[in-house]
2 protein chains.
Amino acid sequence: MARKHAADISLRLDNQLCFAVYSTAHAFNRVYKPLLDRLGLTYPQYLVMLVLWERDGVPVKGIGERLFLDSGTLTPLLKRLEAAELIQRTRSTEDERQVLIALTPKGEALREKARAVPQAILAASACSVGELVAMKNEIVALRDKLNGVLGE
Amino acid sequence: MARKHAADISLRLDNQLCFAVYSTAHAFNRVYKPLLDRLGLTYPQYLVMLVLWERDGVPVKGIGERLFLDSGTLTPLLKRLEAAELIQRTRSTEDERQVLIALTPKGEALREKARAVPQAILAASACSVGELVAMKNEIVALRDKLNGVLGE
DNA sequence: CACAATTAGATTGCGCACAATTTAATTTAT
DNA sequence: ATAAATTAAATTGTGCGCAATCTAATTGTG
């Protein structure tokens, strides 16, 4: 009886943190959507652009390591960004296995428009910068612990 | 110059919290995967089962409100759970627009197997229960603020 | 040098997630 | 009581996210 009840609480508690993260990710996505629509980007596409705005000419693998995504996700996404003329995909001559991703002028220019996004998100979060940074650090620490478990 | 630099920091900062949440959700998913494979469930299916284990005979809408999901996501997911004989979908006689979701004996029984999941997750998180609860509360508060913005 | 192992990316298939639309049932306002 | 508005699910189409598999290039080893 007590055992069963305890197990139920445990099932719920477990649910809470992961579900909290999962549902917050979706909530974020919904807030981002109208902002990113103006840029013609999805959220994962926006992430790729952020990586490229920081450093250009990166191989697919490099982007994947930053974003925790593999080629199964990135290849079609990058093809869409290429079709939108925001990036260019070129085989590396140095190592022909690699495909290097470079920004086009259009992709570079989009950065200016993107500057409006963070401000809107900050406002929507209704938190101070300090709070957001603190929360970010906690969540990243949790993420790294979880990813650590996966590497055994 | 200073303006451009500040904007870059801002772009990065924005990236951080949302990306932290986004990437942590995926990290969680990867940790859950082998555990849920044993139950024959995906993570969203597991969430639906958690809702049903708490309360049975709920309409699709009710599940959607708990999980922030709509019928576009739930209808096919529930059909898969029905095909797996974990749930039963029946039109409500009271209100024929609604489809009520009830656990089958098999779905009810799966709850016992599911009890192993939370413990494994707790261990993988390498955090104390207190830390997890605190983080959960912060994240839920953020989620609710974000969702609040969406309702204007 | 040759051959096995590794690596980068592409491809296929499945299951979300969500916008937009459709259908049918119920509620409300007239 | 009937028409209009609302509501619940289902459906369609697009884009991730990831496992599994495949191809081609590179690296490591004997």
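Just so it is clear, the model here is predicted, and its values are computed rather than measured.

Chemist: Which residues make up the nonpolar core, and what values do they have?
Modeler: With 101 residues, the main nonpolar core has Ile 63 of chain A together with Ile 63 of chain B as its most contacted residues. In contact with Ile 63 of chain B, not counting residues within four places along its chain, are Val 48, Val 51, Leu 52, Val 58, Leu 74, Leu 78 and Ile 101 of chain B.

Chemist: Can you explain the sheet that holds strand 3 (residues 99–103) of chain B? Please cite residues and give values.
Modeler: All names here are of chain B. Taken together, the three strands give an open sheet; going across it, the order is 1-3-2, and neighbouring strands pair in antiparallel fashion. Both edges of this open sheet fall to strand 1 (58–59) and strand 2 (87–91), since each of them pairs with a single strand only. In this fold helix 2 (residues 43–54) packs onto strand 1, strand 2 and strand 3, with an angle of close to 85° to the strand it touches most, strand 3.

Chemist: Let's hear about the relation of the copies chain B and chain A: which residues, and what values?
Modeler: For the pair chain B and chain A, the best superposition has an RMSD of 0.0 Å and corresponds to a rotation of 180° with a translation of 0.0 Å parallel to the axis. One copy is carried onto the other by what is essentially a two-fold rotation axis. Looking at the rotation axis and the C-alpha trace of chain B, the residue lying nearest is Val 21 of chain B, at 3.1 Å. Both copies contact each other with a shared surface, as 100% of the interface residues of chain B are interface residues in chain A too.

Chemist: Now, about the pairing of strand 3 of chain B: what can you tell me, with residues and values included?
Modeler: For a regular strand, side chains alternate in direction, first toward one face of the sheet and then toward the other. All names here are of chain B. Burial along strand 3 is one-sided: Val 99, Ile 101 and Leu 103 are buried, and none of Leu 100 and Ala 102, which face the opposite way, are. One ladder, built from two bridges, connects strand 1 with strand 3; its direction is antiparallel. Bridging across to strand 3, Val 58 finds its partner in Ile 101. Looking at chain direction, strand 2 and strand 3 are connected through five bridges and run antiparallel. Paired with Gln 88 across the bridge in strand 3 is Ala 102.

Chemist: Give a detailed account of the domain arrangement of chain A, specifying residues and quantitative values.
Modeler: Residues and elements named next belong to chain A. The domain boundaries assigned to chain A delineate domain 1 (30–113) and domain 2 (115–152). The C-alpha-based centres of domain 1 and domain 2 are spaced at 21 Å. Each partner contributes to the interface: domain 1 provides 10 residues, whereas domain 2 provides nine residues. Summed over both sides, the interface of domain 1 with domain 2 buries roughly 760 Å², with 65% coming from carbon and sulfur. Where domain 1 packs against domain 2, one counts one salt bridge. Here Arg 115 and Glu 112 are joined by a salt bridge, their closest N and O atoms 3.1 Å apart. Linking domain 1 to domain 2 there are four residue pairs in polar contact (both at pLDDT 80 or more).

Chemist: Just give me the short version of the protein's contact with DNA strand D, but keep the residues and values in it.
Modeler: Neighbouring DNA strand D are 28 residues; Arg 80 of chain A together with Tyr 22, Thr 75, Lys 79 and Arg 89 of chain B lie closest to it. Restricting attention to atoms of DNA strand D within 4 Å of the protein, one finds that 77% of them are sugar or phosphate atoms. Tyr 22 of chain B places a side-chain nitrogen or oxygen 2.5 Å from a phosphate oxygen of DNA strand D. Residue Ser 71 of chain B places a side-chain N or O atom 2.7 Å away from a base nitrogen belonging to DNA strand D. Only helix 2 (43–54) and helix 4 (71–83) of chain A together with helix 1 (2–39), helix 3 (60–67), helix 4 (71–83) and strand 2 of chain B provide two or more residues apiece to the surface near DNA strand D. Across the surface near DNA strand D, the residue classes break down as eight nonpolar, nine polar and 11 charged.

Chemist: How would you explain the interface of chain B and chain A if you had to name every residue and give the values?
Modeler: Across the contact, 59 residues belong to chain B and 59 residues belong to chain A. Buried surface at the junction of chain B and chain A, both sides included, amounts to about 5900 Å², of which 71% is carbon and sulfur. Remark: the boundary between chain B and chain A carries zero salt bridges. Summed over the shared surface of chain B and chain A, the result is 10 residue pairs in polar contact (both at pLDDT 80 or more). Of all the secondary-structure elements, those providing two or more residues to the side of chain B that touches chain A are helix 1, helix 2, helix 3, helix 5 (105–114), helix 6 (116–125) and helix 7 (129–150) of chain B. With 24 residues, helix 1 of chain B is the largest single contributor of residues to the side of chain B that touches chain A. Residue composition of the side of chain B that touches chain A, grouped by class: 39 nonpolar, seven polar and 13 charged.

How each quantity is defined
- Residue numbering note: each chain is counted from 1, following its sequence as written.
- Here every chain gets a letter starting at A, and every ligand a number starting at 1, in the order they are written.
- In keeping with the predicted nature of the model, local features appear solely for residues at pLDDT of at least 70, side-chain atom pairs appear and are counted solely at 80 or more, and the whole-chain, interface and lining totals rest on all residues.
- Here the side-chain values reflect all heavy atoms present in the structure, with hydrogen atoms and water set aside.
- As used here, the term nonpolar core means buried Ala, Val, Leu, Ile, Met, Phe, Trp, Tyr and Cys residues forming a set that is joined through side-chain atoms within 4.5 Å.
- For every residue, the accessible area (1.4 Å probe, protein chains only) is compared with the maximum for its type, and the residue is labelled buried under 20%, exposed over 50%, or partly exposed between those bounds.
- We call two residues contacting when some pair of their heavy atoms lies within 4.5 Å.
- If DSSP finds at least two bridges between two strands, the strands pair.
- Strands here are runs of E lasting at least two residues and helices are runs of H or I lasting at least four, both read from the DSSP assignment and numbered beginning at the N terminus.
- What counts as an axis is a line fitted to C-alpha atoms, over the stretch in contact for a helix, and the angles between N-to-C directions run from 0 to 180 degrees.
- When the copies are superposed, the least-squares fit takes in the C-alpha atoms of residues with a pLDDT of at least 70 in both.
- Segmentation of the chain into domains, including their bounds, is taken from an automatic or database domain assignment.
- When two components associate, each loses some accessible surface as probed by a 1.4 Å sphere; the sum of these losses over both components is called the buried area.
- Think of a salt bridge as a Lys or Arg side-chain nitrogen and an Asp or Glu carboxyl oxygen that are within 4 Å of each other.
- Under the rule applied, a polar contact is a pair of N or O atoms within 3.5 Å (in protein, one hydrogen donor and one hydrogen acceptor; residues adjacent in sequence only if both atoms are side-chain atoms).
- Here a residue counts as near a molecule or strand whenever at least one of its heavy atoms sits within 4 Å of it.
- All amino acids are sorted into three groups, where Ala, Val, Leu, Ile, Met, Phe, Trp, Tyr, Cys and Pro are nonpolar, Asp, Glu, Lys and Arg are charged, and the leftover types, Gly among them, are polar.

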